[in-house]
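Letter by letter, the chains look like this.
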Amino acid sequence: MEHPILFISIILEKLGLPIPHGPVGHGFLEQLCAPYMTYTWFVMVFLVVVGKLTLGNIEMIPGKGQNFWELLIGGMYDFFTENMGQELTDKLFPMIATFALYIAVGNLIGLIPGFMSPTASINTTLALTLIVWVTHHIIGIQAHGMAYIKHFLGPIPVLIPLMLPIELISNIARLLSLSIRLFGNIMAKETLLGILFMLAGAYFAPLPIMILGVLVSLVQAMVFVLLTVVYFGQAREHAH
Amino acid sequence: MAKKLSTEMVELLGNYGHIGFTFVAAIFIGLGGGIYLDEHFFDGNTSPWFTFIGLAFGIFAGFKSLFDILRTPAAKKKNRDKKG
(Lines give C-alpha, C1' and ligand atoms only; values in the text may rest on other atoms or scores of the structure.)
Protein backbone atom coordinates (compact mmCIF):
# COMPACT_ATOMS: atom_id res chain seq x y z
CA MET A 1 0.00 0.00 0.00
CA GLU A 2 1.06 3.56 -0.62
CA HIS A 3 2.32 5.58 2.28
CA PRO A 4 -0.13 8.23 3.44
CA ILE A 5 1.18 11.76 3.14
CA LEU A 6 1.57 13.14 6.65
CA PHE A 7 2.62 16.76 6.53
CA ILE A 8 4.14 16.93 10.02
CA SER A 9 6.39 13.98 9.18
CA ILE A 10 7.43 15.70 5.94
CA ILE A 11 8.26 18.93 7.78
CA LEU A 12 10.26 17.03 10.41
CA GLU A 13 12.11 15.15 7.68
CA LYS A 14 13.02 18.42 5.99
CA LEU A 15 14.33 19.63 9.35
CA GLY A 16 16.65 16.65 9.40
CA LEU A 17 14.95 14.64 12.14
CA PRO A 18 14.72 10.87 11.70
CA ILE A 19 11.29 9.62 10.66
CA PRO A 20 10.59 5.94 11.35
CA HIS A 21 9.67 3.88 8.31
CA GLY A 22 7.57 1.36 10.20
CA PRO A 23 4.81 2.27 12.63
CA VAL A 24 7.32 2.57 15.50
CA GLY A 25 10.95 3.68 15.27
CA HIS A 26 14.09 2.14 16.76
CA GLY A 27 16.06 4.91 18.42
CA PHE A 28 14.67 7.25 21.08
CA LEU A 29 14.49 10.26 18.75
CA GLU A 30 12.93 8.15 16.03
CA GLN A 31 10.26 6.98 18.46
CA LEU A 32 9.52 10.54 19.44
CA CYS A 33 9.06 11.43 15.76
CA ALA A 34 6.65 8.56 15.04
CA PRO A 35 3.46 9.92 13.44
CA TYR A 36 1.18 9.04 16.33
CA MET A 37 3.44 10.97 18.71
CA THR A 38 3.72 14.08 16.54
CA TYR A 39 -0.02 14.12 15.89
CA THR A 40 -0.73 13.68 19.59
CA TRP A 41 1.29 16.81 20.21
CA PHE A 42 -0.53 18.50 17.37
CA VAL A 43 -3.90 17.72 18.99
CA MET A 44 -2.60 18.97 22.33
CA VAL A 45 -1.41 22.24 20.80
CA PHE A 46 -4.67 22.57 18.90
CA LEU A 47 -6.79 22.15 22.04
CA VAL A 48 -4.67 24.55 24.08
CA VAL A 49 -4.55 27.22 21.36
CA VAL A 50 -8.25 26.99 20.49
CA GLY A 51 -9.18 27.05 24.16
CA LYS A 52 -6.99 30.08 24.71
CA LEU A 53 -8.33 31.91 21.65
CA THR A 54 -12.01 31.31 22.33
CA LEU A 55 -11.80 31.74 26.09
CA GLY A 56 -9.35 34.66 26.27
CA ASN A 57 -11.15 36.42 29.09
CA ILE A 58 -14.19 34.83 30.67
CA GLU A 59 -17.13 37.18 30.89
CA MET A 60 -20.38 37.21 32.78
CA ILE A 61 -22.40 37.34 29.58
CA PRO A 62 -20.83 34.69 27.35
CA GLY A 63 -19.89 35.43 23.78
CA LYS A 64 -19.92 32.91 20.92
CA GLY A 65 -16.80 31.00 21.91
CA GLN A 66 -17.51 30.90 25.60
CA ASN A 67 -21.09 29.76 24.94
CA PHE A 68 -19.86 26.75 23.00
CA TRP A 69 -17.49 25.66 25.75
CA GLU A 70 -20.05 26.25 28.47
CA LEU A 71 -22.53 24.05 26.63
CA LEU A 72 -19.98 21.30 26.04
CA ILE A 73 -18.37 21.27 29.48
CA GLY A 74 -21.69 21.79 31.26
CA GLY A 75 -23.27 18.91 29.36
CA MET A 76 -20.36 16.62 30.21
CA TYR A 77 -20.47 17.69 33.85
CA ASP A 78 -24.17 16.90 34.18
CA PHE A 79 -23.68 13.56 32.47
CA PHE A 80 -20.82 12.55 34.80
CA THR A 81 -22.71 13.66 37.91
CA GLU A 82 -25.70 11.58 36.89
CA ASN A 83 -23.59 8.47 36.32
CA MET A 84 -20.95 8.48 39.05
CA GLY A 85 -22.06 10.93 41.72
CA GLN A 86 -21.07 14.44 42.71
CA GLU A 87 -17.95 13.67 44.74
CA LEU A 88 -16.14 11.60 42.12
CA THR A 89 -17.08 14.06 39.40
CA ASP A 90 -15.57 16.95 41.32
CA LYS A 91 -12.37 14.99 41.82
CA LEU A 92 -11.94 13.46 38.37
CA PHE A 93 -13.77 15.77 35.99
CA PRO A 94 -10.60 17.39 34.53
CA MET A 95 -9.09 14.02 33.65
CA ILE A 96 -12.15 12.48 32.02
CA ALA A 97 -13.16 15.64 30.19
CA THR A 98 -9.63 15.93 28.81
CA PHE A 99 -9.82 12.33 27.62
CA ALA A 100 -13.15 13.07 25.94
CA LEU A 101 -11.88 16.16 24.12
CA TYR A 102 -8.57 14.56 23.19
CA ILE A 103 -10.15 11.37 21.83
CA ALA A 104 -12.86 13.22 19.93
CA VAL A 105 -10.45 15.67 18.30
CA GLY A 106 -7.87 12.93 17.72
CA ASN A 107 -10.46 10.76 15.99
CA LEU A 108 -11.87 13.54 13.84
CA ILE A 109 -8.49 14.90 12.76
CA GLY A 110 -7.82 11.72 10.79
CA LEU A 111 -10.60 12.61 8.36
CA ILE A 112 -8.61 15.55 6.98
CA PRO A 113 -6.12 14.51 4.29
CA GLY A 114 -2.55 14.99 5.49
CA PHE A 115 -3.43 14.23 9.11
CA MET A 116 -3.49 10.98 11.02
CA SER A 117 -5.54 9.96 14.04
CA PRO A 118 -3.21 9.45 17.01
CA THR A 119 -5.84 7.03 18.35
CA ALA A 120 -5.28 4.77 15.34
CA SER A 121 -2.21 3.42 17.15
CA ILE A 122 -2.55 0.79 19.87
CA ASN A 123 0.11 2.61 21.92
CA THR A 124 -2.07 5.67 22.43
CA THR A 125 -5.27 3.78 23.27
CA LEU A 126 -3.48 1.34 25.56
CA ALA A 127 -1.93 4.24 27.44
CA LEU A 128 -5.33 5.86 27.92
CA THR A 129 -6.88 2.57 28.98
CA LEU A 130 -4.12 1.79 31.46
CA ILE A 131 -4.64 5.16 33.13
CA VAL A 132 -8.38 4.48 33.40
CA TRP A 133 -7.90 0.90 34.62
CA VAL A 134 -5.36 1.78 37.30
CA THR A 135 -7.46 4.77 38.40
CA HIS A 136 -10.58 2.69 38.89
CA HIS A 137 -8.72 0.30 41.18
CA ILE A 138 -7.29 3.25 43.13
CA ILE A 139 -10.80 4.67 43.54
CA GLY A 140 -12.04 1.31 44.77
CA ILE A 141 -9.22 0.93 47.30
CA GLN A 142 -9.69 4.50 48.51
CA ALA A 143 -13.42 4.01 48.96
CA HIS A 144 -13.41 0.58 50.61
CA GLY A 145 -9.88 -0.09 51.86
CA MET A 146 -9.14 -3.80 52.08
CA ALA A 147 -12.85 -4.56 51.70
CA TYR A 148 -12.44 -3.69 48.02
CA ILE A 149 -11.48 -7.32 47.50
CA LYS A 150 -15.11 -8.24 48.16
CA HIS A 151 -15.83 -6.91 44.67
CA PHE A 152 -13.95 -9.93 43.36
CA LEU A 153 -15.33 -12.62 45.67
CA GLY A 154 -18.90 -13.01 44.46
CA PRO A 155 -22.02 -13.22 46.59
CA ILE A 156 -21.56 -16.50 48.52
CA PRO A 157 -18.38 -17.52 50.47
CA VAL A 158 -18.62 -21.12 49.19
CA LEU A 159 -18.25 -19.92 45.61
CA ILE A 160 -15.02 -17.94 46.21
CA PRO A 161 -12.62 -20.38 44.45
CA LEU A 162 -14.90 -20.30 41.43
CA MET A 163 -15.72 -16.60 41.41
CA LEU A 164 -12.26 -15.15 42.09
CA PRO A 165 -10.63 -16.24 38.79
CA ILE A 166 -13.79 -15.38 36.88
CA GLU A 167 -13.95 -11.87 38.32
CA LEU A 168 -10.23 -11.34 37.75
CA ILE A 169 -10.48 -12.48 34.14
CA SER A 170 -13.48 -10.29 33.41
CA ASN A 171 -11.71 -7.35 35.05
CA ILE A 172 -8.61 -7.79 32.90
CA ALA A 173 -10.87 -8.19 29.87
CA ARG A 174 -11.93 -4.57 30.42
CA LEU A 175 -8.35 -3.52 29.74
CA LEU A 176 -8.28 -5.43 26.48
CA SER A 177 -11.73 -4.55 25.21
CA LEU A 178 -11.52 -0.83 26.03
CA SER A 179 -8.20 -0.33 24.26
CA ILE A 180 -8.72 -2.57 21.26
CA ARG A 181 -12.23 -1.29 20.48
CA LEU A 182 -11.09 2.33 20.13
CA PHE A 183 -7.91 1.35 18.27
CA GLY A 184 -9.71 -1.07 15.94
CA ASN A 185 -12.52 1.28 14.98
CA ILE A 186 -10.26 4.21 14.23
CA MET A 187 -7.58 2.18 12.47
CA ALA A 188 -10.25 0.54 10.29
CA LYS A 189 -11.57 3.97 9.35
CA GLU A 190 -8.08 5.25 8.51
CA THR A 191 -7.13 2.18 6.49
CA LEU A 192 -10.41 2.11 4.58
CA LEU A 193 -10.09 5.80 3.75
CA GLY A 194 -6.51 5.29 2.61
CA ILE A 195 -7.43 2.40 0.33
CA LEU A 196 -10.40 4.25 -1.15
CA PHE A 197 -8.29 7.35 -1.79
CA MET A 198 -5.74 5.20 -3.58
CA LEU A 199 -8.32 3.34 -5.67
CA ALA A 200 -10.83 5.99 -6.64
CA GLY A 201 -9.96 9.22 -4.89
CA ALA A 202 -10.71 11.26 -7.99
CA TYR A 203 -14.34 10.09 -8.06
CA PHE A 204 -15.15 11.03 -4.45
CA ALA A 205 -15.37 7.37 -3.44
CA PRO A 206 -14.17 8.04 0.16
CA LEU A 207 -16.94 10.58 0.76
CA PRO A 208 -19.59 8.20 2.20
CA ILE A 209 -16.96 6.59 4.45
CA MET A 210 -15.93 10.04 5.64
CA ILE A 211 -19.52 10.78 6.67
CA LEU A 212 -19.61 7.46 8.52
CA GLY A 213 -16.20 8.32 9.93
CA VAL A 214 -17.55 11.45 11.61
CA LEU A 215 -20.22 9.33 13.30
CA VAL A 216 -17.79 6.58 14.32
CA SER A 217 -15.29 9.10 15.70
CA LEU A 218 -17.82 10.84 17.92
CA VAL A 219 -19.52 7.63 19.04
CA GLN A 220 -16.23 5.94 19.94
CA ALA A 221 -15.12 8.95 21.98
CA MET A 222 -18.49 8.92 23.76
CA VAL A 223 -18.33 5.18 24.38
CA PHE A 224 -14.83 5.38 25.86
CA VAL A 225 -15.85 8.16 28.22
CA LEU A 226 -19.14 6.48 29.15
CA LEU A 227 -17.41 3.22 30.02
CA THR A 228 -14.77 5.09 32.01
CA VAL A 229 -17.50 6.77 34.02
CA VAL A 230 -19.37 3.50 34.53
CA TYR A 231 -16.22 1.71 35.74
CA PHE A 232 -15.40 4.52 38.17
CA GLY A 233 -18.95 4.46 39.50
CA GLN A 234 -18.89 0.67 39.91
CA ALA A 235 -15.56 0.72 41.74
CA ARG A 236 -17.07 3.10 44.27
CA GLU A 237 -20.31 1.19 44.82
CA HIS A 238 -20.68 -1.43 47.51
CA ALA A 239 -20.11 -5.03 46.51
CA HIS A 240 -23.33 -6.94 46.01
CA MET B 1 -36.68 15.92 21.27
CA ALA B 2 -33.91 15.16 18.82
CA LYS B 3 -31.30 15.84 21.49
CA LYS B 4 -33.01 13.52 23.97
CA LEU B 5 -33.22 10.81 21.34
CA SER B 6 -29.54 11.09 20.46
CA THR B 7 -28.33 11.00 24.08
CA GLU B 8 -30.48 7.93 24.65
CA MET B 9 -29.00 6.38 21.52
CA VAL B 10 -25.44 7.09 22.66
CA GLU B 11 -26.18 5.71 26.11
CA LEU B 12 -27.54 2.52 24.59
CA LEU B 13 -24.52 2.25 22.29
CA GLY B 14 -22.21 2.75 25.25
CA ASN B 15 -23.98 0.18 27.39
CA TYR B 16 -24.50 -2.54 24.81
CA GLY B 17 -22.07 -1.75 21.99
CA HIS B 18 -19.16 -3.49 23.66
CA ILE B 19 -20.91 -6.78 24.43
CA GLY B 20 -19.26 -8.70 21.61
CA PHE B 21 -15.76 -7.52 22.31
CA THR B 22 -15.91 -7.97 26.08
CA PHE B 23 -17.17 -11.53 25.69
CA VAL B 24 -14.37 -12.48 23.31
CA ALA B 25 -11.69 -10.69 25.34
CA ALA B 26 -12.66 -12.62 28.48
CA ILE B 27 -12.42 -15.96 26.69
CA PHE B 28 -9.03 -15.13 25.19
CA ILE B 29 -7.62 -13.91 28.49
CA GLY B 30 -8.74 -17.12 30.20
CA LEU B 31 -7.24 -19.23 27.45
CA GLY B 32 -4.03 -17.22 27.39
CA GLY B 33 -3.65 -17.50 31.15
CA GLY B 34 -4.16 -21.27 30.96
CA ILE B 35 -1.58 -21.65 28.21
CA TYR B 36 0.89 -19.51 30.17
CA LEU B 37 0.44 -21.67 33.28
CA ASP B 38 0.97 -24.84 31.25
CA GLU B 39 3.95 -23.80 29.16
CA HIS B 40 5.93 -21.40 31.30
CA PHE B 41 4.93 -21.99 34.91
CA PHE B 42 4.88 -25.81 34.86
CA ASP B 43 7.22 -26.19 31.84
CA GLY B 44 4.69 -28.21 29.85
CA ASN B 45 4.38 -30.98 32.43
CA THR B 46 0.71 -30.36 32.97
CA SER B 47 -0.20 -29.63 29.36
CA PRO B 48 -3.09 -29.55 28.32
CA TRP B 49 -4.91 -29.44 31.66
CA PHE B 50 -4.50 -25.79 32.65
CA THR B 51 -5.29 -24.72 29.10
CA PHE B 52 -8.70 -26.35 29.37
CA ILE B 53 -9.31 -25.09 32.89
CA GLY B 54 -8.37 -21.58 31.81
CA LEU B 55 -10.62 -21.84 28.77
CA ALA B 56 -13.54 -22.92 30.97
CA PHE B 57 -12.93 -20.03 33.38
CA GLY B 58 -12.66 -17.65 30.44
CA ILE B 59 -15.99 -18.78 29.01
CA PHE B 60 -17.65 -18.42 32.41
CA ALA B 61 -16.10 -14.98 32.80
CA GLY B 62 -17.48 -14.03 29.38
CA PHE B 63 -20.99 -15.04 30.38
CA LYS B 64 -20.59 -13.30 33.72
CA SER B 65 -19.59 -10.06 31.99
CA LEU B 66 -22.68 -10.40 29.76
CA PHE B 67 -24.78 -10.81 32.89
CA ASP B 68 -23.16 -7.73 34.45
CA ILE B 69 -23.80 -5.66 31.34
CA LEU B 70 -27.46 -6.68 31.40
CA ARG B 71 -27.83 -6.08 35.11
CA THR B 72 -26.19 -2.66 35.49
CA PRO B 73 -28.42 -0.42 33.33
CA ALA B 74 -31.57 -2.12 34.61
CA ALA B 75 -30.57 -1.50 38.21
CA LYS B 76 -29.68 2.09 37.42
CA LYS B 77 -33.04 2.66 35.75
CA LYS B 78 -34.88 1.19 38.74
CA ASN B 79 -33.04 3.56 41.07
CA ARG B 80 -33.84 6.52 38.87
CA ASP B 81 -37.52 5.59 38.74
CA LYS B 82 -37.63 5.20 42.51
CA LYS B 83 -36.08 8.61 42.97
CA GLY B 84 -38.12 10.47 40.37
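All values reported here derive from a predicted model rather than from experimental measurement.

Our next topic: the pattern of salt bridges. The tally for this structure, following the rule as stated, stands at three salt bridges over all chains. Between Glu167(A) and Lys64(B) there is a salt bridge, and its shortest N-O distance comes to 3.4 Å. A residue pair is termed interchain when its members come from two chains, as with Glu167(A) in helix α7 (residues 160-200) and Lys64(B) in helix α3 (residues 49-83). A single burial state applies to Glu167(A) and to Lys64(B), both of which are buried.

With that settled, consider the interface of chain A and chain B. Taken together, the contact pairs 24 residues of chain A with 22 residues of chain B. Summing the contributions of chain A and of chain B, the shared interface buries around 1,900 Å²; its carbon and sulfur component is 77%. Remark: the boundary between chain A and chain B carries one residue pair in polar contact (both at pLDDT 80 or more). Every element with two or more residues in the side of chain A that touches chain B is listed here: α4 (64-84), α7 and α8 (207-236) of chain A. By residue number, the principal contributor to the side of chain A that touches chain B is α7(A), which donates 14 residues. Partitioning the side of chain A that touches chain B into residue classes produces 16 nonpolar, five polar and three charged.

Right, let's get into a nonpolar patch on the surface. On the surface, a cluster of nonpolar side chains totalling about 360 Å² of accessible area is made up of Ile156(A), Val158(A), Leu159(A) and Leu162(A). Checked against the element boundaries, Val158(A) lands in the loop between α6 (122-144) and α7.

The next subject is the nonpolar core. Soluble, globular proteins show a tendency: their nonpolar side chains are buried together. With 49 residues, the main nonpolar core has Met76(A), Phe80(A), Met84(A), Ile96(A), Ile103(A), Phe224(A) and Phe232(A) as its most contacted residues. Put simply, the parts of the chain that give this core at least two residues each are α1 (7-14), α3 (35-54), α4, α5 (86-109), α6, α7 and α8 of chain A. Beyond its immediate sequence surroundings of up to four residues, Phe224(A) is in contact with Phe99(A), Ile103(A), Leu128(A), Thr129(A), Val132(A), Leu178(A) and Leu182(A). Membership of the second largest hydrophobic core comes to eight residues, among which are Ala25(B), Ala26(B), Phe57(B) and Ala61(B).

Moving on, we get to the packing of α5(A) against α8(A). All names here are of chain A. For the pair α5 and α8, interaxial distance at closest approach is 9 Å and the crossing angle is 160°. As summarised for this structure, α5 and α8 are arranged roughly antiparallel, according to the angle between their axes. Considering how the two elements wind past one another, α5 and α8 form a crossing that is right-handed. In this structure, α5 contributes Glu87, Leu88, Leu92, Met95, Ile96, Phe99, Ala100, Ile103, Ala104, Asn107 and Leu108 to the contact, and α8 contributes Val214, Ser217, Leu218, Gln220, Ala221, Phe224, Val225, Thr228, Val229, Phe232 and Arg236. Of the residues assigned to the contact of α5 with α8, the class counts are 16 nonpolar, four polar and two charged.

Two quantities define a packed helix pair, namely the angle between the axes and the distance from one axis to the other. Residues and elements named next belong to chain A. One can describe the packing of α3 onto α4 by two numbers: an axis separation of 8 Å at closest approach and a directional angle of 125°. Considering their axes alone, α3 and α4 lie oblique with respect to each other. Judged by residue contacts, Val50, Gly51 and Thr54 of α3 engage Gly65, Gln66 and Trp69 from α4. Each residue belonging to the contact of α3 with α4 can be placed in one class, and the counts come to two nonpolar, four polar and no charged.

So, on to the packing of aromatic side chains. Counted by the stated rule, this structure contains 12 aromatic pairs over all chains. With centroids separated by 5.4 Å and ring planes inclined at 70°, the aromatic side chains of Phe68(A) and Trp69(A) adopt a geometry described as edge-to-face. On the basis of relative accessibility, which here comes to 49%, the residue Phe68(A) falls in the partly exposed class. Plain terms: the ring middles of Phe23(B) and Phe63(B) are 5.2 Å apart, the flat faces sit at 75° to each other, and that makes the pair edge-to-face. Here Phe23(B) is found in helix α2 (residues 19-41), whereas its partner Phe63(B) is found in helix α3, with 40 residues between them in sequence. A residue is classified by how much of its surface remains accessible, and Phe63(B), at 48% relative accessible area, is partly exposed. The side chain of Arg174(A) reaches across the aromatic face of Tyr231(A), ending 4.1 Å from its centre.

What counts and what doesn't
Residues numbered from 1 in each chain as written. Chains lettered and ligands numbered in written order. Predicted model: local features only at pLDDT ≥ 70, side-chain atom pairs only at ≥ 80, totals over all residues. Heavy atoms only, no water. Salt bridge = Lys/Arg side-chain N within 4 Å of Asp/Glu carboxyl O. Helix = DSSP H or I, 4+ residues; strand = E, 2+ residues; numbered from the N terminus. Buried < 20%, exposed > 50% of the residue type's maximum accessible area, 1.4 Å probe, protein only. Contact = heavy atoms within 4.5 Å. Buried area = accessible area lost by both parts, 1.4 Å probe. Polar contact = N/O pair within 3.5 Å; in protein donor to acceptor, adjacent residues only side chain to side chain. Nonpolar A, V, L, I, M, F, W, Y, C, P; charged D, E, K, R; others polar. Patch = residues over 30% accessible without salt bridge, like charges linked within 9 Å, V, L, I, M, F, W, Y side chains within 5 Å. Areas by Shrake-Rupley, 256 points an atom, 1.4 Å probe, with all protein chains shown as cover. Core = buried A, V, L, I, M, F, W, Y, C linked by side-chain atoms within 4.5 Å. Axes fitted to C-alpha atoms, helices over the stretch in contact; angles between N-to-C directions. Parallel < 35°, antiparallel > 145°, perpendicular 65-115°, else oblique. Left-handed = near helix turned anticlockwise from the far one by under 90°. Phe/Tyr/Trp six-rings, centres within 6.5 Å; stacked < 30°, edge-to-face > 60°. Lys NZ or Arg CZ within 6 Å of the ring centre and 35° of its normal.

Functional significance is not addressed by these values, which are geometric in nature.
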